[in-house]
Amino acid sequence: MRLMPKRVKFRKSQRQKIKGNATRCNTVAFGDFGLQSLEPGWITAQQLEAGRVSASQCLPREGKLTIRVFPHKSVSSKPIETRMGKGKGEPEFWVAVVKPGTVMYEISGVGEDVAKHTFNRIAHKMPVKVRFVQRRKTI
């Protein structure tokens, strides 16, 4: 399962700065428990897929995993030992831009102890610090 957009308006994107906290995707919406980032950063498509695979191995059948981020940004690089100039390199991989407070994964249909164990396995695959969050209970 290759995580990348089907088509994009521009193949090569600029790096940009990651400023501020997440204003959207910052609460648990689809599940009961979530994995929230505490740092800004890029999460590659391979890291997202590694988290999904490790979660599917330790989740029971009734549990449902939702991935809330998608790698829309292309990262390009030039070959090693290439002289300066001659334009920008080709897109190498795709990343999801994550701000502090973004909920990246959600789980529903399992207990809290199973969710904590699953998110602990996913957290080892992530390049940013994360924390376990629960859905807010409404009265």
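Above this text you will find the structure in question.
Remember, it's a predicted structure, so these values are computed and weren't measured experimentally.

**Description of the sheet that holds strand 4 (residues 73-77)**
The sheet built from three strands is open, its strands ordered 2-5-4 with antiparallel pairing. Strands with a single pairing partner mark the edges of an open sheet, and in this sheet they are strand 2 (41-44) and strand 4. For this sheet the average axis-to-axis angle between neighbouring strands, irrespective of direction, equals 50°. Of the pairings in the sheet, the one linking strand 4 to strand 5 (residues 90-98) comprises five bridges and is antiparallel in character. Within strand 5, the residue paired with S76 across the bridge is P91.

**A few points about the pairing of strand 6 (residues 103-108)**
Counting buried residues along strand 6, six of its six residues qualify, which places the element largely inside the surrounding structure. Examined bridge by bridge, strand 1 (residues 33-37) and strand 6 share four bridges and lie antiparallel to one another. From the neighbouring strand, G34 faces strand 6, where its bridge partner is E106.

**Looking at the environment of A123**
Inspection of the secondary structure assignment puts A123 in helix 2 (residues 112-123). When its relative accessible area of 25% is taken as the criterion, A123 is described as partly exposed.

**With respect to the pattern of salt bridges**
Under the counting rule described, the total for this entry stands at five salt bridges. For the salt bridge of E90 with R11, the shortest nitrogen-to-oxygen distance reads 3.2 Å. Taken together, the residues span a long stretch of sequence, with E90 in strand 5 and R11 in the segment before strand 1 at a distance of 79 residues. Across the pair E106 and R68 runs a salt bridge whose closest N-O atoms are separated by 2.4 Å. You can see E106 sitting in strand 6 and its partner R68 sitting in the loop between strand 3 (64-67) and strand 4, a full 38 residues away along the chain. Each member of the pair E106 and R68 is classed as buried. Several salt bridges share partner residues, and in doing so they unite R11, K12 and E90 into one network.

**Notes on helix 2**
End to end, helix 2 covers 16 Å across 12 residues, agreeing with the expected 16 Å (1.5 Å per residue, within 8%). Turning to helix 2, its buried residues number three or more, namely A115, T118, F119 and I122. Summarising the axial view, the buried residues of helix 2 lie within an arc of 95°, below the 170-degree limit, and thus occupy one face. Looking at the buried residues of helix 2, the elements they touch are strand 1, helix 1 (45-58), strand 3, strand 6 and strand 7 (130-134).

The rules behind each value
- Residues numbered from 1 in each chain as written.
- Predicted model: local features only at pLDDT ≥ 70, side-chain atom pairs only at ≥ 80, totals over all residues.
- Heavy atoms only, no water.
- Pairing = 2+ DSSP bridges.
- Helix = DSSP H or I, 4+ residues; strand = E, 2+ residues; numbered from the N terminus.
- Axes fitted to C-alpha atoms, helices over the stretch in contact; angles between N-to-C directions.
- Buried < 20%, exposed > 50% of the residue type's maximum accessible area, 1.4 Å probe, protein only.
- Salt bridge = Lys/Arg side-chain N within 4 Å of Asp/Glu carboxyl O.
- Expected span 1.5 Å × (residues − 1).
- Arc of directions from axis to C-beta.
- Contact = heavy atoms within 4.5 Å.

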